[in-house]
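# A closer look at the structure
The primary structure of each chain is shown beneath.
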Amino acid sequence: LLGIFAALSAYESWGLLGFGMRTITSSSASTMFVGSLISIFLIVGSVVGMYYSFQKYMAESYYSEGIRLLNQSTDTDIPLAKFANAVVIDPKDDKYSRLQAQVYFFRLRNLIQGQLPNPTSPNFVQDFQANFISAYQAAQEAQRLNPNEISNWSLLGLICETVIQINPLTCSEKFLTGIYEDAIKYDPISPSAHLDAGRGWLLAADVLALRANQSQNQEEKTSL
């Protein structure tokens, strides 16, 4: 494209197709005013466009750097800081929030798996709450920015699926199934949306059955 532009810059060679410098004269004051106004709008539009492009470029740079660090190390603090910078620079792109949520979910899942052989870890509750809240908020933001992206709903539901087995009060079975039912409304022909919903209903049934078995109240047991 640069080569074609350079070739067409020679006005003498290409006639009306050339992009070379031209001189336009007009004796009408209104025409000159309109021309100047259009030029000003074009200059302002170019500056705004350059700023927007630079903003997108910087956000993508932080995003790419965060992914590179994730692939090279098990440390997630620095990549999360990179993703946070990308979100601040370009808060309207859902993929930055979604990746943030994925990393926090990864940390949450590892925390839960590490708790199983060591159930008396003193910092488990605080770390669990911190990572769950961060993962949930980031996934919810991604879902809000782009509700038509089914992976945003799936990630939000997956976070809920994980914590409901540890602490049902953190995420109820009604909320879990509601996430997937809403996802189907946005993408009714997606097989993954229906698959997620089916898995969510099965997990909800397991949670209710467990609560029913543990209940000492017969009326509550029957209700569950």
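Heads up: these notes are all about the structure in this document. Small disclaimer: the values here were computed from a predicted structure and weren't measured. (Residues numbered from 1 in each chain as written. Predicted model: local features only at pLDDT ≥ 70, side-chain atom pairs only at ≥ 80, totals over all residues. Heavy atoms only, no water.)

### A short note on the overall build of the protein chain
For the record, the criterion: A helix here means a DSSP run of H or I that spans at least four residues, while a strand means a run of E at least two residues long, and both kinds are numbered starting from the N terminus. Note on classification: 1.4 Å probe, protein chains only; a residue is buried when its accessible area is under 20% of the maximum for its type, exposed when over 50%, partly exposed between these limits. Whether two residues touch is decided by their heavy atoms; if any such pair falls within 4.5 Å, the residues are in contact. Residue burial considers only the protein chains on display, and all accessible areas are found by Shrake-Rupley using a 1.4 Å probe.
Of regular secondary structure, the protein chain possesses 10 helices and zero strands. Put simply, the protein chain has 224 residues, and 30% of those count as buried. Expressed as a percentage of contacts within the protein chain between residues at least 6 apart in sequence, the contacts between residues at least 24 apart total 49%. For the protein chain, the exposed area adds up to about 14,600 Å²; of that, 62% sits on carbon and sulfur atoms.

### Quick word on the side chain of Arg98
Heads up, the condition is: A 3.5 Å cut-off defines polar contacts: any pair of N or O atoms within that distance qualifies, except that in protein one atom must be a possible hydrogen donor and the other a possible acceptor, and neighbouring residues in sequence count only when both atoms are side-chain atoms.
Within the secondary structure layout, Arg98 lies in helix H5 (residues 94-115). Reaching out from Arg98, the side chain makes a polar contact with the side chain of Asp94 at a distance of 2.7 Å. Those residues in contact with Arg98, other than ones at most four positions away along the chain, are Ala142, Glu149, Ser151, Asn152 and Leu155.

### Thoughts on the packing of aromatic side chains
Note the following rule: Side-chain rings of Phe, Tyr and Trp (the six-membered ring for Trp) are treated as a pair once their centres are within 6.5 Å; stacked means planes under 30 degrees apart, edge-to-face means over 60, and tilted covers the remaining angles. For a lysine, the NZ atom is tested; for an arginine, the CZ atom; a charge sits over a ring if that atom is within 6 Å of the ring centre and within 35 degrees of the ring normal.
Applying the stated criterion across every chain yields a total of six aromatic pairs. An aromatic cluster is present here, built from Phe128, Phe132, Tyr136 and Phe175 joined pairwise through their rings. The ring of Tyr63 has Lys95 sitting right over it, with the charged end atom 4.8 Å from the ring centre.

### Some thoughts on the packing of helix H7 (residues 150-164) against helix H8 (residues 173-186)
Any two packed helices are characterised by how steeply their axes cross, that is the angle between the axes, and by the distance between the axes. Short version of the rule: The axes used here are C-alpha line fits, helices contributing only the stretch in contact, and every angle between their N-to-C directions lies in the interval 0 to 180 degrees. An angle counts as roughly parallel when it lies under 35 degrees, as roughly antiparallel when it exceeds 145, as roughly perpendicular when it falls between 65 and 115, and as oblique in every other case. What makes a crossing left-handed is the near helix being turned counterclockwise from the far one by less than a right angle; a clockwise turn instead makes it right-handed. Gly counts as polar in this scheme, as do all residues outside two lists: the nonpolar Ala, Val, Leu, Ile, Met, Phe, Trp, Tyr, Cys and Pro, and the charged Asp, Glu, Lys and Arg.
Relative to each other, H7 and H8 sit at 165°, their axes nearing to 10 Å. Considered as vectors, H7 and H8 are oriented roughly antiparallel to each other. Considering only the axes of H7 and H8, their crossing is left-handed. Counting all contacts with H7, which are made through Ile150, Trp153, Ser154, Leu156, Gly157, Leu158, Cys160, Glu161 and Ile164, the residues of H8 involved are Glu173, Phe175, Leu176, Ile179, Tyr180, Asp182, Ala183 and Tyr186. A class-by-class count of the residues in the contact of H7 with H8 yields 12 nonpolar, two polar and three charged.

### Digging into the side chain of Asn131
The topology assignment puts Asn131 in helix H6 (residues 124-145). Looking at Asn131, its side chain comes within polar contact range of the side chain of Arg107, at 3.3 Å. With residues up to four places along the chain from it excluded, the contact list for Asn131 reads Tyr104, Arg107, Leu108 and Leu111.

### What about helix H9 (residues 191-214)?
Worth spelling out the cut-off: Each residue after the first adds 1.5 Å to the expected span of a helix.
In this model H9 runs 35 Å from its N-terminal to its C-terminal C-alpha over 24 residues, within 8% of the 34 Å that 1.5 Å per residue would give. If you check which residues of H9 are buried, you get Ala193, Asp196, Ala197, Gly200, Leu203, Ala204, Val207 and Ala212. Of the surrounding secondary structure, the elements contacted by the buried residues of H9 are H7, H8 and helix H10 (218-223).

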